[in-house]
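Descriptive structure summary
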Amino acid sequence: TLMSQLDSMSQEVPSTGMEKFLEDNFRKLVWLFAAVVFAIIAYGFIHHQQTAAANEAAEAFTAAKTVEDCDLVISRYSGTNAAANALLMKAELLWEQNKKTSAVDALKEFTMKNAKHPLTVHALLGLGSKLDSMGDRKEAQAVFERITREFPSSEAAPLAQIRLGDLLWAEGK
């Protein structure tokens, strides 16, 4: 009959290249799929852990009110934006406590360790101003020159140029 002829014809049709590939590589494909799923899960877990750690660091920084609090954030969350921000806050708190040399040291540490931080140019401007107010005009001049050289298109560059002019004027130049 017609049905039996169709059945026999479908069994005689050779399998396509794709079907042959799937038959030959089924186990490998299952392992590959499992590896991809595992990698996606691992990435998600690691990303979650990093986000949780960053949030914890940010909360610790937000709660910091004293130099000691800042030191705790800096040591516990080293290498994070929260630690960098805590170092800036520490410098400001030290300056307010009239611990000028320690404040300048904290700003120097910040600018050396955090060159890519969004507030680096502002920290440099503050460092130069603090050095100038402490009478260290040569080092202040070097900082202002660094700003104009490394951050020429920043909003701090014109201020650094003005400060350079003031320093040169004070020297009679």
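Anything mentioned here points back to the structure above.
Residues numbered from 1 in each chain as written. Predicted model: local features only at pLDDT ≥ 70, side-chain atom pairs only at ≥ 80, totals over all residues. Heavy atoms only, no water.

1. Looking at the overall build of the chain
Scanning the chain for helices and strands turns up eight helices and zero strands. Burial statistics for the chain: of 173 residues in total, 28% are counted as buried. Sequence-distant contacts, at least 24 apart, represent 37% of the contacts inside the chain between residues at least 6 apart. Here the chain displays about 12,000 Å² of accessible surface, and carbon together with sulfur accounts for 62% of that area. (Helix = DSSP H or I, 4+ residues; strand = E, 2+ residues; numbered from the N terminus. Buried < 20%, exposed > 50% of the residue type's maximum accessible area, 1.4 Å probe, protein only. Contact = heavy atoms within 4.5 Å. Areas by Shrake-Rupley, 256 points an atom, 1.4 Å probe, with all protein chains shown as cover.)

2. Re a nonpolar patch on the surface
Together, M18, F21, L22, L29, L32, V36 and I40 make up a nonpolar patch on the protein surface, roughly 660 Å² of accessible area in all. Considering the arrangement of structural elements, one finds L32 in helix α2 (residues 17-63). Residue classification places L32 among the exposed positions, given a relative accessible area of 52%. (Patch = residues over 30% accessible without salt bridge, like charges linked within 9 Å, V, L, I, M, F, W, Y side chains within 5 Å. Salt bridge = Lys/Arg side-chain N within 4 Å of Asp/Glu carboxyl O.)

3. Here's the deal with helix α7 (residues 137-150)
End to end, α7 covers 20 Å across 14 residues, agreeing with the expected 20 Å (1.5 Å per residue, within 8%). For α7, the set of buried residues is A140, Q141, V143, F144 and I147. Looking straight down α7, one finds its buried side chains confined to an arc of 160°; they lie on one side. Counted as exposed and oriented over 90 degrees from the buried face of α7: K138 and R149. (Expected span 1.5 Å × (residues − 1). Arc of directions from axis to C-beta.)

4. A look at the nonpolar core
Core analysis: the largest hydrophobic core is formed by 34 residues, its most contacted members being L127, F144 and I147. Among the secondary structure elements, those contributing two or more residues to this core are α3 (67-76), α4 (81-96), α5 (100-113), α6 (120-133), α7 and α8 (156-170). No other element matches α4, which puts nine residues into this core. Not counting residues up to four positions away in its chain, the partners in contact with F144 are L125, G128, S129, A160, R163, L164 and L167. (Core = buried A, V, L, I, M, F, W, Y, C linked by side-chain atoms within 4.5 Å.)

Interpretation in functional terms is not warranted from these geometric data alone.
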